[in-house]
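Analysis of the macromolecular model
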Amino acid sequence: MAESQKIYAVQYFYLAGMGDERDAHRPAHRDFLVGLGSTLVAAGAYVDDPAAALLLLKVDSPETVRDLLEADPFNKQGLISSVEVHEWSCAVGDQAATIRGEGA
């Protein structure tokens, strides 16, 4: 990971009652996420709350996060009610060094 890059945890909150619309646009949404390449650490909906999702991104600023996510098809289709962006520290865990971009 470049020295200036940080990890940001992004929480998406979806509009209520729009599950069918999300399902229709999910393939394009996933293609968009895959297209982020190594910028995307991980992403997925919460199993116990499918009206919300977590994304982890490696970028230089919260503004960059927001700029990148403007192009998300879920955003373009108006399916996201709100977004929270927080700088995140991956301190410990089996994959912590890999997530932080340390080592091979």
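Computed from a predicted model, the values in this text were never measured in an experiment.

**So, a negative patch on the surface**
- Taken together, the side chains of Asp60, Glu63, Asp67 and Glu70 present a region of like negative charge at the surface.
- Tracing the backbone shows Glu70 in the loop between helix 2 (62-69) and helix 3 (73-76).

**Regarding the environment of Lys76**
- Mapped onto the fold, Lys76 is located in helix 3.
- For the pair Lys76 and His29, spaced 47 residues apart in sequence, the C-alpha to C-alpha distance is 10.0 Å.
- Setting aside anything within four residues of it in sequence, one finds Lys76 in contact with Glu70 and Ala71.

**What to know about the packing of aromatic side chains**
- The final tally for this structure, using the stated rule, is two aromatic pairs.
- Ring geometry for Tyr12 versus Tyr14: centroids 6.1 Å apart, planes at 70°, classification edge-to-face. Residue Tyr12 shares its accessibility class with Tyr14, and that shared class is buried.
- Seen in terms of ring centroids, Tyr14 and Phe74 are 5.5 Å apart; in terms of plane orientation they differ by 90°. Their pairing is edge-to-face. Linking Tyr14 in strand 1 (residues 6-14) with Phe74 in helix 3, this pair joins segments that are 60 residues apart in sequence.

**Description of the sheet that holds strand 2 (residues 40-46)**
- Within the open sheet, the four strands sit side by side as 2-3-1-4. Their pairing is antiparallel. Looking at the sheet topology across the chains shown, the edges are occupied by strand 2 and strand 4 (80-88). Going across the sheet, the axis of each strand differs from the next one's by a mean of 15°, ignoring polarity.
- Where strand 1 and strand 4 come together, eight bridges link them in antiparallel fashion. Following the sheet pairing, Tyr8 is matched in strand 4 by Glu87.
- Each of strand 1, strand 3 (49-59) and strand 4 is contacted by helix 2, which is oriented at about 120° to strand 3, the strand it contacts most.

**Regarding the layout of surface pockets**
- Taken as a whole, the largest pocket spans an internal volume of roughly 180 Å³.
- Elements with a contribution of two residues or more to the lining of the largest pocket: helix 1 (19-35), strand 2 and strand 3.
- If one sorts the elements of the lining of the largest pocket by residue count, helix 1 sits on top with five residues.
- Here the lining of the largest pocket is composed, by residue class, of nine nonpolar, two polar and three charged.

**Examining the nonpolar core**
- Core analysis: the biggest nonpolar cluster contains 18 residues, and Val10, Tyr12, Leu57, Val65 and Leu69 have the highest contact counts within it.
- Of all the secondary-structure elements, those providing two or more residues to this core are strand 1, helix 1, strand 3, helix 2 and strand 4.
- Not counting chain neighbours up to four residues away, the residues in contact with Tyr12 comprise His29, Ala51, Ala52, Ala53, Leu55, Leu69, Asp72, Ile80, Ser82 and Val83.

Conventions used here
Residues numbered from 1 in each chain as written. Predicted model: local features only at pLDDT ≥ 70, side-chain atom pairs only at ≥ 80, totals over all residues. Heavy atoms only, no water. Patch = residues over 30% accessible without salt bridge, like charges linked within 9 Å, V, L, I, M, F, W, Y side chains within 5 Å. Areas by Shrake-Rupley, 256 points an atom, 1.4 Å probe, with all protein chains shown as cover. Salt bridge = Lys/Arg side-chain N within 4 Å of Asp/Glu carboxyl O. Lys, Arg positive; Asp, Glu negative; His and termini not counted. Charge placed at Lys NZ, Arg CZ, Asp CG, Glu CD. Helix = DSSP H or I, 4+ residues; strand = E, 2+ residues; numbered from the N terminus. Contact = heavy atoms within 4.5 Å. Phe/Tyr/Trp six-rings, centres within 6.5 Å; stacked < 30°, edge-to-face > 60°. Buried < 20%, exposed > 50% of the residue type's maximum accessible area, 1.4 Å probe, protein only. Pairing = 2+ DSSP bridges. Axes fitted to C-alpha atoms, helices over the stretch in contact; angles between N-to-C directions. 1 Å grid on protein atoms, 1.4 Å probe; cavity = no way out; pocket = protein on both sides within 12 Å on 5 of 7 lines; lining within 4 Å. Points joined across faces, edges and corners; volume = space filled by probe spheres on them. Nonpolar A, V, L, I, M, F, W, Y, C, P; charged D, E, K, R; others polar. Core = buried A, V, L, I, M, F, W, Y, C linked by side-chain atoms within 4.5 Å.

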